[in-house]
Amino acid sequence: MTAQQTQLDFGDEDVGAAHVETIHLDWQQPLLRSAAAWVHKRFSPIQQRDSLFILPTRRGIELFADELDHAGASIPAKRITTGELISYLVDLELRPASDFEQTLAWAAALASQPRDPLQSLVPVIPDADGLASWVELGGTLRRLHRSLAAEAIDFPTAARAASTDAEQTRWGLLLQLRQDYLHHLHAAQRVDRDEAALRQLQQDKLFAAPHEIVLVGTTDLSPLVQRLLKQCSTRVISLIASDGSVKDQFDAFGVVRPATWADHQLPLELSQLIPATDMPDQSRAVADFVLVARRDHEPDQITIGVTDESQVQPIVGECLWSGVHSHQYLGHKLQVTAIGRLLELLVSYVRHRTWRALASLVRHADMSQFVSRRLAKPTQDRSAWLAQLDEMIASTFPRSVDVELPPKAPHREAMIQLLATIDEWTSPLMQSRRSIGTWSAILLDVLSQLDVSTQSVSVASPDNRHTDHQDRTRIAFGAVSRMLTHFQHVAEGLDFPVEGHVAVEMLMARMAEERIIGPQRDKDVSIYGWLDLALDPSPVLVVCGLNHPFVPEAVSGDPFLPASLRTNLLQQLNDRRYARDVAALHQMLACRTGEERRIAFVVGAQTADGSPSPPSRLLAAATPVESARRVHHCLTKRRAARAETSLNNLDSSRDFERQSIATIKPLRPTPIHDRPVTRMSVTGFKDYLTCPYRFYMRHVLGLRPLDDAAMELAANQFGDLVHGALEWFGASDAKDETDVEAITEALMTQLDRYAEAFYGDNVSATVALQIRQAQRRLKTVAIRQAERIADGWHITRVEASVDEKSVDDRGQPKKPTGITVDGQFMGLRGRFDRIDHHPATNRWAILDYKTHRFPPEKKHLKKQVDGSTCWIDLQLPLYRRFIPDLGIPVDPSHVELGYFNVAEKDSDTKINIAPFQEADFEKADEIIEECVRGVQSGNFTPSQDPVEFDDYQWLMNQRQLPLPTNSLRTTAS
């Protein structure tokens, strides 16, 4: 057998009338309907039961069963797809190896090869113990082997086509790998089904399949299957949709003859082509078509076709917005389901064991419920631990969970308990190396503890999307359970011991592409892929994406193939794809003629990712003039505006959902006037001046930003780091040191002490670098502090505070700190970084540490358009009001107020005293009273001015936006 012998094209005379019977059914009717009627008339119930029916797709099998039922025929027990047919046509002496077992055998063959020869195959050789990499490479060779076998080409034939030295070297290695691969399979009592099929063809002996074979609409059988059918002595019946003009364009098995379809002309009308632009516009075009069709047809009479999976979700969303529910038969890949995502998160945690991986894992809904059941007390909020975890990560920036948390980490004990709960659950996966089969059983047991498959399901409404999600999750978990059970029985000779995280990762990779199809409701419009559409009997069909490269699907060549074989094979594959799709499109058109049947094709200008997408070359299946008209129509015309559809035409339950979606309001909490504000902080005044509504959210509701995704200290956290070191220095015996080196050493000691207490040494490299940056800044502070001491100033108090408490720290009564406005008292509270005293002159100063370079007047005042200034921060004026409560024995007007700027540049690190005059303070006092009056009266009107560094931007938008990566946590009691 040579590479040139792979193109098969034989008619009835090649096969023989005794072997194959070809039945051409009129394609004016749906093929499956005509086929069901033919089978009912021709076959007895016993013949139907004993025959083997072959259809192109799994959906085709289901539709054929429906048509047989409608025709009054019994439903055959043996119905398989073309991909499964080989198993019935090949005499297998041993158990066929599963895809996973084949991959493992290829991986074993690769891993046993010397490293140097492998460089002709892959430029980067995996490590000797990099089993996951070997398995992935083994999967690549398995796919190469299968794709060649489908064309009836074995590895020796491909090797003989190699012409260059590099190709001959590569294929010499591949031949050796094939021998080793087959040896590993044989040792494990397994056989490669494709290799057995090729060997059977080479022996050229007749093989009798156990059943009579009926092919239904199999226009794209692979050359391997065709040759096996030709060699099979069992009777074959082929049912083809065609008419007299195209009978000769199919072979005896109903497979298209590519050469005869090259010039075929499709009866495609311009009115059946709907031009569209980007993917949203294409989705709207589909939804509009469906809305119009629903005036005369039930949902189960309407089908939506897609030519690429990326089109599904936009169409589902647009249909839902229009009040139309849909069911996607393509389903969801396991990796995007809840259980698939859980497996990915589990792999990440077991492999990396970081706090961030743990946080991602426990945020999964099923994990969150699992943890809450074990952590929460009966009277405790079940979500409290999650908020505590966010706060701990956002404050401490820990890395490995195997390093002890720092002493000052928020909620430290609760986090230790959380970690113990997760580690207890994942501990089976932390054992020493086990076989993949053993790990499959262990993983299934670990997942079963979550009770995913027994979650309660609401049955309040058949249109409940939450119910759909639960159903899909339960179905996905069932699929995972079945696959893991299957993986437990991997042939012992092919299994090998690996670490737990490697096993879970490998198993997840095998399961990721599995399709999860949820239940279909009675009033859902079906969404099918391109290959299912030729068999779909629905009277109404709209297909999205009649575009290149989706139809015909582009075929890419394997880089491992010899160039001559690759070119020849690509040409054959592309010709077959084109012929198959032209025939399918003609079949769709032919069975949808008349007033009650409609068909349309949306031709877009862009794909879902925004890439340009020209019209499909199927539009060129016409005369040159007609082909030009079609392309011109799709590129220049614009479709009509959205069809007007009365809500009365839709189900009442969907009317409600449609109206609910259409009336989404901005997510804004309503001010609660029975929660009076009785005290205000210094920073609260600035927040109220910026925006009263944002003040309400932060200081009344307690909504504060918490970003646990950050990898570095935020500006305020860096400020806390510097403040902490300076505070502890000001309370130490070193505060009166005059020597710069001694002050520096003391500051470094306090900084290290603070960092160790709040961060430890288990932080990211970025945070560690920021700690080093704080050290550099504090070295300059030491110089300024020595200068301050030399000038006669001394630190008297640090972190002094005033508030509305009626007793002091010793329990003695004191006058509450606050302000009375319009007869109402408002408690005030504030904290002072540092109070200095100059004994020689009895001067006092209140200083606030700032890790920026700006002087007080820059931060407190804003210049107006008319040249005047207005107060935007009242911190220092409020400090001035607190002076009597601090026990400073001088008139407030004689106390200096200012910043100790600890800036990035050494020249900007200095003390800046505020130059405010008495008139400025009087104006500030008026604004302070205005703020208090506004808060007491409940005036929380949002500011119309833009807010810099807005923590509530998404909450204030006029339309709802996706939540950002950080979350808002309520810290108020």
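Residues numbered from 1 in each chain as written. Predicted model: local features only at pLDDT ≥ 70, side-chain atom pairs only at ≥ 80, totals over all residues. Heavy atoms only, no water.

Peer 1: Residue-level account of the nonpolar core, with values.
Peer 2: Residues Leu148, Trp355, Leu358, Leu389 and Leu418 are the most contacted members of the largest nonpolar core, which totals 99 residues. Considering every element that reaches this core, the biggest residue donor is helix α16 (residues 338-352), with 8 residues. When neighbours within four sequence positions are excluded, Leu358 is seen to be in contact with Tyr349, Leu389, Val401, Leu418, Leu419 and Ile422. Membership of the second largest hydrophobic core comes to 57 residues, among which are Val39, Ala73, Ala241 and Val543. (Core = buried A, V, L, I, M, F, W, Y, C linked by side-chain atoms within 4.5 Å. Buried < 20%, exposed > 50% of the residue type's maximum accessible area, 1.4 Å probe, protein only. Helix = DSSP H or I, 4+ residues; strand = E, 2+ residues; numbered from the N terminus. Contact = heavy atoms within 4.5 Å.)

Peer 1: Give a detailed account of the pattern of salt bridges, specifying residues and quantitative values.
Peer 2: Under the definition given, this model contains 44 salt bridges. Among the ionic pairs, Arg592 bridges to Asp536, the shortest N-O distance being 3.4 Å. Here Arg592 is found in the loop between α25 (563-590) and β17 (598-603), whereas its partner Asp536 is found in the loop between α24 (530-533) and β16 (540-544), with 56 residues between them in sequence. Each member of the pair Arg592 and Asp536 is classed as buried. (Salt bridge = Lys/Arg side-chain N within 4 Å of Asp/Glu carboxyl O.)

Peer 1: I'd like to hear about helix α12 (residues 223-231), residue by residue, with values.
Peer 2: Burial runs high along α12: 7 of the 9 residues are buried. All of the buried residues in α12 are Pro223, Leu224, Val225, Gln226, Leu228, Leu229 and Gln231. The secondary structure elements touched by the buried residues of α12 are α5 (86-89), α8 (131-150), α11 (193-203), β6 (213-216), β7 (236-242) and α25.

Peer 1: Help me get a handle on the sheet that holds β6, residues and values and all.
Peer 2: Here 5 strands make up an open sheet; going across it, the order is β1-β7-β6-β2-β3 and the pairing parallel. At either margin of the open sheet sits one strand with a lone partner, and together these are β1 (20-26) and β3 (79-81). Strand-to-strand twist in this sheet, taken as the mean axis angle between neighbours without regard to direction, amounts to 25 degrees. One ladder, built from 3 bridges, connects strand β2 (residues 52-55) with β6; its direction is parallel. Considered in β6, the bridge of Phe53 is made with Val214. (Pairing = 2+ DSSP bridges. Axes fitted to C-alpha atoms, helices over the stretch in contact; angles between N-to-C directions.)

Peer 1: Got a sec to walk through unusual backbone geometry? Specific residues and values, please.
Peer 2: For the peptide bond that leads from His548 to Pro549, omega is 10 degrees, which places it in the cis range. Among the secondary structure elements, Pro549 is positioned in the loop between β16 and α25. Following Val551, the chain continues into Pro552 via a peptide bond in cis, with omega recorded as -15 degrees. In this structure, Pro552 sits in the loop between β16 and α25. Backbone geometry at Phe397 places phi at a positive 55 degrees, although glycine is not the residue there. Here Phe397 shows up in the loop between α19 (384-396) and α20 (412-426). Although it is not a glycine, Asn842 sits at a positive phi angle of roughly 55 degrees.

Peer 1: Please give an account of the packing of α11 against α12 that cites residues and values.
Peer 2: The interhelical angle for the contact between α11 and α12, taken along N-to-C directions, is 50 degrees, at an axis separation of 10 Å. Considered as vectors, α11 and α12 are oriented oblique to each other. Both α11 and α12 take part in a crossing whose hand is left-handed. Of the residues in α12, those in contact with Asp194, Ala197, Leu198, Gln200 and Leu201 of α11 are Leu224, Arg227, Leu228 and Gln231. Taken together, the residues of the contact of α11 with α12 break down into 5 nonpolar, 2 polar and 2 charged. (Parallel < 35°, antiparallel > 145°, perpendicular 65-115°, else oblique. Left-handed = near helix turned anticlockwise from the far one by under 90°. Nonpolar A, V, L, I, M, F, W, Y, C, P; charged D, E, K, R; others polar.)

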